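Summary of structural features
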Amino acid sequence: MLLCIDTGNTNTVFSIWNGSEIVATWRTSTEHQRTADQYYVWLSTLMNVRRIEAEITEVIVSSTVPRVVFNLRVLANRYFDCRPLVVGKPECLLPHVPRVDVGTTVGPDRLVNSAGAFDRYGGDLIVVDFGTATTFDVVAGDGAYVGGVISPGVNTSLEGLHHAAAALPHVDVTMPEKVIGTNTVACMQSGVFWGYVGLVRETCNRIKAEYGRPMRVIATGGLAPLFNQGHKLFDAFDEFLTIHGLVVIHQYNKEQGNL
Ligand SMILES: Nc1ncnc2c1ncn2[C@@H]1O[C@H](COP(=O)(O)OP(=O)(O)O)[C@@H](O)[C@H]1O
Ligand SMILES: CC(C)(COP(=O)(O)O)[C@@H](O)C(=O)NCCC(=O)O
Ligand SMILES: [K+]
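Reading the values: the criteria
- Residues numbered from 1 in each chain as written.
- Chains lettered and ligands numbered in written order.
- Predicted model: local features only at pLDDT ≥ 70, side-chain atom pairs only at ≥ 80, totals over all residues.
- Heavy atoms only, no water.
- UniProt positions renumbered as here; feature names shortened; annotations may be inferred.
- Helix = DSSP H or I, 4+ residues; strand = E, 2+ residues; numbered from the N terminus.
- Contact = heavy atoms within 4.5 Å.
- Axes fitted to C-alpha atoms, helices over the stretch in contact; angles between N-to-C directions.
- Left-handed = near helix turned anticlockwise from the far one by under 90°.
- Nonpolar A, V, L, I, M, F, W, Y, C, P; charged D, E, K, R; others polar.
- Domains from an automatic or database assignment.
- Buried area = accessible area lost by both parts, 1.4 Å probe.
- Polar contact = N/O pair within 3.5 Å; in protein donor to acceptor, adjacent residues only side chain to side chain.
- Salt bridge = Lys/Arg side-chain N within 4 Å of Asp/Glu carboxyl O.
- Buried < 20%, exposed > 50% of the residue type's maximum accessible area, 1.4 Å probe, protein only.
- Near = heavy atom within 4 Å.
- Areas by Shrake-Rupley, 256 points an atom, 1.4 Å probe, with all protein chains shown as cover.
- 1 Å grid on protein atoms, 1.4 Å probe; cavity = no way out; pocket = protein on both sides within 12 Å on 5 of 7 lines; lining within 4 Å.
- Sits in = over half its atoms within 2 Å of the grid points.

Under the annotation held in an unreviewed UniProt entry, the protein carries the name Type III pantothenate kinase and is attributed to Celeribacter indicus. What UniProt records for the protein under Subunit (unreviewed entry) is the sentence "Homodimer."

So, on to the environment of Leu226. When you line up the elements, Leu226 lands in the loop between strand E9 (216–220) and strand E10 (236–237). For the pair Leu226 and Val65, spaced 161 residues apart in sequence, the C-alpha separation works out to 25 Å. Once residues within four sequence positions are removed from consideration, Leu226 is found in contact with Val173, Thr174, Met175 and Phe193.

Relative to each other, helix H4 (residues 154–164) and helix H5 (residues 184–211) sit at 145°, their axes nearing to 11 Å. As H4 runs across H5, the sense of the crossing is right-handed. Only Met188, Val192 and Tyr196 of H5 make contact with H4, whose side of the interface consists of Val154, Ser157, Leu158 and Leu161. Class assignment of the residues belonging to the contact of H4 with H5 gives a composition of six nonpolar, one polar and no charged.

What follows concerns the domain arrangement of the protein. Here the domain parsing of the protein yields domain 1 (2–86) and domain 2 (108–244). In this complex, domain 1 contributes eleven residues to the contact, which on the side of domain 2 involves seven residues. Buried surface at the junction of domain 1 and domain 2, both sides included, amounts to about 780 Å², of which 69% is carbon and sulfur. The three residues of domain 1 that bury the most area against domain 2 are Asp6, Ile22 and Ser62, which together make up 41% of that side's buried surface. The tally of links between domain 1 and domain 2 comes to one residue pair in polar contact (both at pLDDT 80 or more). For the side of domain 1 that touches domain 2, the secondary-structure elements that each account for two or more residues are strand E1 (2–7), strand E2 (11–17), strand E3 (22–29) and strand E4 (58–63).

Its place among the elements puts Asp6 in strand E1. Once residues lying within four places of it in the same chain are set aside, the contact partners of Asp6 are Asn11, Thr12, Val13, Ser62, Thr242, Ile243 and Leu246.

Our focus in this paragraph is the pattern of salt bridges. With the rule as written, the count across this model stands at nine salt bridges. The partner of Arg34 in a salt bridge is Glu31, with the nearest N and O atoms 3.3 Å apart. In this structure, Arg110 engages Asp137 in a salt bridge whose closest nitrogen and oxygen atoms are separated by 2.7 Å. Separated by 27 residues along the polypeptide, Arg110 in helix H3 (residues 108–121) and Asp137 in strand E7 (residues 133–139) bring together distant segments of the chain. For Asp137, a relative accessible area of 0% corresponds to the buried category.

Time to look at the site of ligand 1. Close contacts around ligand 1 come from Gly8, Asn9, Thr10, Asn11, Arg27, Phe130, Gly131, Thr132, Asn155, Gly222 and Leu223, and that covers them all. Asn155 places a polar side-chain atom, nitrogen or oxygen, 2.7 Å from an oxygen atom of ligand 1. When isolated, ligand 1 has an accessible area of 550 Å², and the protein chains bury 63% of it. A molecule is said to occupy a pocket when more than half its atoms come within 2 Å of that pocket's grid points, and by this definition ligand 1 occupies the largest pocket. Both domain 1 (2–86) and domain 2 (108–244) contribute no fewer than three residues apiece to the shell around ligand 1.

Moving on, we come to the site of ligand 2. Surrounding ligand 2, one finds 13 residues, the nearest of these being Asn9, Gly107, Asp109, Arg110 and Ala133. Within the contact set of ligand 2, an oxygen atom lies 2.8 Å away from a side-chain nitrogen or oxygen of Asn9. The contact in question runs from an oxygen atom of ligand 2 to an N or O atom on the backbone of Gly107, over 2.8 Å. Against a free-state accessible area of 470 Å², the protein chains account for coverage of 76% of ligand 2. Placement of ligand 2 is best described as lying within the largest pocket. For the shell around ligand 2, the per-class residue count stands at three nonpolar, eight polar and two charged. Three or more residues apiece are contributed to the shell around ligand 2 by two domains, here domain 1 (2–86) and domain 2 (108–244).

Structural data, given as structure tokens:
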């Protein structure tokens, strides 16, 4: 079976793919100090709890944090006796080569999201990923990533406010009932939530106008469900889009005889 690892700047998601479906998904915080042995203790414990008898023989990794890749490689070598495929490294083939400025290194998560979204929904897409940053990835009609937008993430914005202003507390994001807050926390939640609805709507509208052809908007990432509550921002919400993209890229490398 294939172990898919998606490391973002905040969380790392591990998923097991049995060849036809995702059989389990677990999330842990991203810490570059974590060793291969620590990952394995954590993962094998959760597999035991769920009574998953998966024999992992292949590993694919996408990481927006370069430093964690070393320990994830050791994990694959030591415990699963394989060399992992690492998205963004030259040895990992992509179904579609990105069309961006020469010398640009596109975040591997964005390449993976584009591959997963094109496989599920076809081309002419905007993929919105609500992670540490909120990314908008434009996927052309032929499936290539052709650019996008990077905005501060929802929690990153709230944390920024908290750190910059002495009187603003740490708050969790929620959807406020009203726009006009009558206490500090409500004011901050309103500012971030409704400001974000506007950010997403305006960004997508401007991308569509510039792109010049009808596009669909697909949302993913930890906080996407919060913004999928009747604001008509997205055409689809896909919780497992990044993991699906990892499966697609792994299969492509197999088909090409690269594994
Ligand atoms: N189910 C959830 N409910 C609330 N917040 C979440 C949930 N999942 C993730 N988050 C928060 O959303 C933000 C982005 O998370 P995530 O998508 O895992 O980011 P990344 O991919 O950049 O690591 C983080 O601040 C995280 O704490
Ligand atoms: C924009 C990102 C920080 C998003 O990462 P995430 O929120 O998933 O942790 C990541 O895709 C990245 O580091 N990108 C490199 C620059 C680029 O994609 O153009
Ligand atoms: K992400």
